[in-house]
Amino acid sequence: MSDNSFQLATLDNRPYFESALRFGVKNGLISAAKISAIETEAPKGMVQMAEVFGSKYLRPEIDMAQKRIVNLVSLYLKQSTQGDLTLAAKMISDNTFLTLSRGGSGLLKALFVMPEYALLGREEKGRVEDFLEVWSRKDNDVDYLNTLEQRKTNATEIAAAFWFGEQLGLSRAALQEHDADATSVVRTAMLLRMLGKKEESLVNQVEFAKLIDAVRKKGKISKRTKDIFEPIPTEYQAIADRIQQEISDHDLPKILSASLALDAVVFELKDRYFIRDYELEDTSEYDALVSKEWTKLTKGITDVYALLTVFFCLSAGAAPKTVLTEANAKTLVKKIRKDGFHPELAIEFIKTAAPHEKQDSLLEEWNDFVQEADAYLLDDWDSSFSGALRFLDTHCDIEKSKK
């Protein structure tokens, strides 16, 4: 094709049906009788389509139906012939106009049933009629081709995830129940293969943290190129290779980085992997593993009243405790009225020591505490400290004195 021909082709914005029809007539591939048949069929199809998507009695709906039916025919012709005008002209000659229209509709219906997302749950779709209403208005096939390619990729990734899940002892039903992300399942399987643990699985976040901690202590991972990709079905090799490369380029540098705390690494990476029990059953075990300073000061206690007590102590410039006697609490209130209340010290502790996934909720709890605290802790009129102690008893773990 010459440069001039190419330029002319790219400037041809006519529907593909029209281009093929003109080409066929010009080259003697489409007869006058076929043209006459199309002129008879097309209006009938337009009226039917207008009635499906609107009203056959409104001129704008008829005009839109004309565009829709030409778009459907164009889509079917171009996809069936891969843009070969000779083949397209022969298809027009050999088929009725409505058959070609139904062919385009069939392509869109097939696109509709393909997975929109690479999720293993049971995808809830809308009405196919609504899908056709939107897509039949598209007058070029760019969106169709891009969406088709993406949905084919989704379908392959879903199939691969079910296969890898089976290798990890995860049934199809279990993966669907968790509405698992296909890529996360494959990534989990590939990480375990890279670590020589392809027969294992990740039950919860604690196990994920332990796995990463073991790799960090070792300082490297062994080269297991042969074991990593055997045996993986040929149709899933490209996906496995891509995700293995993503792990090497993105995840492993974080896992092996000495500048990142274990807690920070787990927090950044956990959503990329399939962890069955996302909610931790034993948060104290996880806290002890990823944040030793936090566990040391909180004694592994997760009760919010105990934690607010620790934060209160820090903000008063005192050694942190998870429980205070009334006498201790009174002493700290006196200290605050003398030296000041410094809630920022607790905020700094939360941000530097608390497990990442707890920080937002802890900061919110502490902020609520601080907003009320000044009115009670710094109230010089409360000379008996009764108001301050009532406030602390409501929000912290205060041990009542025995009478």
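Thresholds, definitions, all that
Residues numbered from 1 in each chain as written. Predicted model: local features only at pLDDT ≥ 70, side-chain atom pairs only at ≥ 80, totals over all residues. Heavy atoms only, no water. Helix = DSSP H or I, 4+ residues; strand = E, 2+ residues; numbered from the N terminus. Rg over C-alpha atoms; globule rule 2.2 N^0.38 Å. Buried < 20%, exposed > 50% of the residue type's maximum accessible area, 1.4 Å probe, protein only. Contact = heavy atoms within 4.5 Å. Areas by Shrake-Rupley, 256 points an atom, 1.4 Å probe, with all protein chains shown as cover. Lys, Arg positive; Asp, Glu negative; His and termini not counted. Charge placed at Lys NZ, Arg CZ, Asp CG, Glu CD. pLDDT = per-residue confidence, 0-100. Expected span 1.5 Å × (residues − 1). Phe/Tyr/Trp six-rings, centres within 6.5 Å; stacked < 30°, edge-to-face > 60°. Lys NZ or Arg CZ within 6 Å of the ring centre and 35° of its normal. Salt bridge = Lys/Arg side-chain N within 4 Å of Asp/Glu carboxyl O.

## Digging into the overall build of the chain
And step 1. Helix and strand counts for the chain stand at 21 helices and two strands.
And step 2. Relative to the compact-globule value of 22 Å for 403 residues, the chain shows a C-alpha radius of gyration of 34 Å, a clear excess of over 25%.
And step 3. Counting only C-alpha atoms and orienting by the principal axes, one finds that the chain spans roughly 110 × 60 × 45 Å.
And step 4. Sorting the 403 residues of the chain into buried and exposed places 42% on the buried side.
And step 5. In the chain, of all internal contacts separated by at least 6 residues, the share reaching a separation of at least 24 is 68%.
And step 6. Element-wise, carbon and sulfur atoms account for 51% of the exposed surface of the chain, whose accessible area totals about 22100 Å².
And step 7. If you average the places of the 53 positive and of the 64 negative side-chain charges in the chain, the two averages end up 3 Å apart.

## Topic: the confidence of the model for the chain
And step 1. Of the residues in the chain, 92% have a pLDDT of 70 or more, and the chain-wide mean is 87.
And step 2. Predicted confidence in the chain is weakest over helix α1 (residues 3-10), with a mean pLDDT of 44, and strongest over helix α6 (residues 97-113), with 96.
And step 3. Below a pLDDT of 50 lies the segment residues 1-11, which in the model reaches one contact outside its immediate sequence neighbourhood of four places, other chains included.

## Observations concerning helix α3 (residues 32-53)
Three or four residues apart is the spacing at which side chains of an α-helix point the same way, because the helix has 3.6 residues per turn.
And step 1. In this model α3 runs 32 Å from its N-terminal to its C-terminal C-alpha over 22 residues, within 8% of the 32 Å that 1.5 Å per residue would give.
And step 2. Residues K34, I38, E41, A42, G45, M46, M49 and A50 constitute the buried set of α3.
And step 3. The inward-facing, buried residues of α3 abut α2 (16-26), α4 (59-81), α5 (85-94) and α6.

## Some points on the packing of aromatic side chains
And step 1. If you walk through the whole model with that rule in mind, you get 15 aromatic pairs.
And step 2. On the basis of an interplanar angle of 65° and a centroid distance of 6.5 Å, the ring pair of F311 and F349 is categorised as edge-to-face. Of this pair, F311 sits in helix α17 (residues 304-315) while F349 sits in helix α19 (residues 343-353), placing them 38 residues apart in sequence. A single burial state applies to F311 and to F349, both of which are buried.
And step 3. Through a chain of ring-to-ring contacts, the aromatic side chains of W294, F311, F312, F341, F349, W366, F369, Y376 and F391 assemble into a single cluster.
And step 4. Note that R68 overlies the ring of F53, its terminal NZ or CZ placed 4.5 Å from the centroid.

## Examining unusual backbone geometry
Phi is mostly negative for residues that are not glycine, and the peptide bonds are mostly trans.
And step 1. Positive phi, normally seen in glycine, also occurs at D179, with a value near 50°.
And step 2. Here D179 is to be found in the loop between α9 (172-177) and α10 (182-194).
And step 3. Of note in this structure, F385 is not a glycine but carries a positive phi near 65°.
And step 4. Residue placement: F385 occurs in the loop between α20 (356-377) and α21 (386-395).

## Quick word on the pattern of salt bridges
And step 1. Scanning the entire structure with this criterion turns up 16 salt bridges.
And step 2. Across the pair E129 and R127 runs a salt bridge whose closest N-O atoms are separated by 3.8 Å.
And step 3. Exposure remark for E129: the relative accessible area of 38% places this residue in the partly exposed category.
And step 4. A relative accessible area of 48% places R127 in the partly exposed class.

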